[in-house]
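# Structure assessment
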Amino acid sequence: MTTIIYSFTGTGNTLAVARQLADALGDTTIIPITRAMKAGPLPPEAETADAIGIAFPIYYVDMPLIVQDFVRELQLNGNPYIFGIATCGERPGGALYNLNALLKEKGTHLSLGAALIMPENYVGPMDLMEPVEKVEGILSTARDRIPEIAELIRGRREIPLEGSDSTPYRIVASFFRFLATSVYGTTRRLHATDRCNRCGICTRICPTENITVTDSAVTWGRNCTQCYACIHWCPQAAVEIGGRTRGKRRYHHPDVTVADMVEQSGG
Ligand SMILES: Cc1cc2nc3c(=O)[nH]c(=O)nc-3n(C[C@H](O)[C@H](O)[C@H](O)COP(=O)(O)O)c2cc1C
Ligand code: SF4
Ligand code: SF4
């Protein structure tokens, strides 16, 4: 069975899970969603895959907007088995149900939707990140689920989606996104402190080409998808959202590197 996993990641959790799943499945290619969107035509294996996976982090109990856009544009050939892999800090909400709804608009559906709890990367205005000593335990629990998920995919099983399809989740999702984006102004408040040495990593890993680094300044545009990559990957911890992130711990998955992130973004 040939499998393609389209993957989006900000701090590496989803990429690490996609890699573990690819290893467990065999004959699997991971295609970064950001690259697929930039590159236009997909590689030949995407035309003929028996199974297609869509892997993404949960933002505001929903899918990232960039992943929603990708799925809307996705051309599906034949009748592949489709599965979704969401990684989240605690609550996947209705994201996998929303993915299923987008696929239904294309005349297909999500056969399996798994939500894996991974280390939380949301910091400021609220700091939801767990203490550092809990990270390895969370990673190991998630890793233990991979063989079972791979077996279900290999068997092309139809499994109830994880998370919740309830209306309150849909309302809460829009409300949280609105609060963080428009009221708190996460995307407007991103800035670099004087710890910044203009290394340029943030601009190379940003999936939306939203960051410009010059000799004298780093500036953020208006096309932020709130992946938090610039905040967590800056080697100087110089990227802040307003003042609430100051002094707080940064995170990225231990098996994922800056080079991997550059590869993801096509930067
Ligand atoms: C903007 C934003 C919103 C988030 N919202 C949620 C959420 O609603 N529920 C949840 O469980 N985790 C939430 N998280 C945490 C991430 O989903 C989680 O840490 C994920 O594994 C990160 O994956 P990545 O490393 O592939 O980017 C949020 C993270 C960010 C940056
Ligand atoms: S990654 Fe950090 S140090 Fe490097 S240019 Fe961006 S803000 Fe500055
Ligand atoms: S500006 Fe930062 S948080 Fe926004 S999309 Fe780019 S890397 Fe992600």
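As a starting point, this report considers the structure included with it.

## Structural notes on empty space enclosed by the protein
Within the structure shown, the criterion is met by three cavities of 30 Å³ or more. What the largest cavity holds in volume is close to 120 Å³. If you go around the largest cavity, you meet 16 residues; those closest to its centre are Cys224, Gln226, Cys227, Tyr228 and Cys230. Considering every element that reaches the lining of the largest cavity, the biggest residue donor is helix H10 (residues 229-233), with three residues. Here the residues of the lining of the largest cavity sort into eleven nonpolar, five polar and no charged.

## With respect to the pattern of salt bridges
With the rule as written, the count across this model stands at twelve salt bridges. Between Arg249 and Glu130 there is a salt bridge whose closest N-O contact spans 4.0 Å. Here the residue Arg249 occupies a position in the loop between strand S9 (239-241) and helix H11 (258-265), and Glu130 occupies one in the loop between strand S5 (112-117) and helix H6 (135-154), the gap between them amounting to 119 residues. Assessed through its relative accessible area of 27%, Arg249 is described here as partly exposed. Note on Glu130: relative accessible area 13%, which makes it buried. Taken together, the shared-partner salt bridges connect Arg195, Glu240 and Arg250 into one network.

## Looking at the packing of helix H1 (residues 13-25) against H6
Two elements in contact, H1 and H6, have axes separated by 9 Å at closest approach and are oriented at 50°. One way to sum up the angle between H1 and H6 is to call them oblique. Of the two elements, H1 crosses H6, and the hand of that crossing is right-handed. Residue-level inspection shows Val17, Gln20, Leu21, Ala24 and Leu25 of H1 in contact with H6, the latter providing Arg143, Ile146, Ile149, Ala150, Ile153 and Arg154. Split into classes, the residues belonging to the contact of H1 with H6 amount to eight nonpolar, one polar and two charged.

## Things to note about the packing of aromatic side chains
Aromatic ring pairs are defined here through the distance separating the ring centres and the angle between the ring planes. All chains considered together, the criterion is met by four aromatic pairs. Measuring from ring centre to ring centre gives 5.4 Å for Tyr122 and Tyr228, while their planes differ by 25°; the resulting arrangement is stacked. With Tyr122 in the loop between S5 and H6 and Tyr228 in the loop between strand S8 (218-220) and H10, this pair connects stretches of sequence that are 106 residues apart. Summarising the burial analysis for this pair, Tyr122 and Tyr228 share the class buried. Grouped by ring-pair contacts, the aromatic residues Tyr60, Tyr122 and Tyr228 constitute a single cluster.

## Some thoughts on the sheet that holds strand S3 (residues 51-57)
Within the open sheet, the five strands sit side by side as S2-S1-S3-S4-S5. Their pairing is parallel. In this open sheet, the two strands that pair with only one neighbour each are strand S2 (28-32) and S5. Between one strand axis and the next, the sheet turns through 20° on average, direction left out of account. As judged from the five bridges shared by strand S1 (residues 3-7) and S2, these two strands associate in the parallel manner. Its bridge partner being in S2, Ser7 is matched across the sheet by Pro32.

## Structural notes on the environment of Arg189
With respect to the element layout, Arg189 can be found in helix H8 (residues 186-189). Classification of Arg189 as partly exposed rests on a relative accessible area of 37%. Residues Arg189 and Ile149, 40 residues apart in the sequence, show an inter-C-alpha distance of 39 Å. Excluding residues within four positions of it along the chain, Arg189 makes contact with Tyr184, Glu240, Ile241 and Gly242. At 2.8 Å, the side chain of Arg189 forms a polar contact with the backbone oxygen of Tyr184.

Calculation criteria
Residues numbered from 1 in each chain as written. Chains lettered and ligands numbered in written order. Predicted model: local features only at pLDDT ≥ 70, side-chain atom pairs only at ≥ 80, totals over all residues. Heavy atoms only, no water. 1 Å grid on protein atoms, 1.4 Å probe; cavity = no way out; pocket = protein on both sides within 12 Å on 5 of 7 lines; lining within 4 Å. Points joined across faces, edges and corners; volume = space filled by probe spheres on them. Helix = DSSP H or I, 4+ residues; strand = E, 2+ residues; numbered from the N terminus. Nonpolar A, V, L, I, M, F, W, Y, C, P; charged D, E, K, R; others polar. Salt bridge = Lys/Arg side-chain N within 4 Å of Asp/Glu carboxyl O. Buried < 20%, exposed > 50% of the residue type's maximum accessible area, 1.4 Å probe, protein only. Axes fitted to C-alpha atoms, helices over the stretch in contact; angles between N-to-C directions. Parallel < 35°, antiparallel > 145°, perpendicular 65-115°, else oblique. Left-handed = near helix turned anticlockwise from the far one by under 90°. Contact = heavy atoms within 4.5 Å. Phe/Tyr/Trp six-rings, centres within 6.5 Å; stacked < 30°, edge-to-face > 60°. Pairing = 2+ DSSP bridges. Polar contact = N/O pair within 3.5 Å; in protein donor to acceptor, adjacent residues only side chain to side chain.

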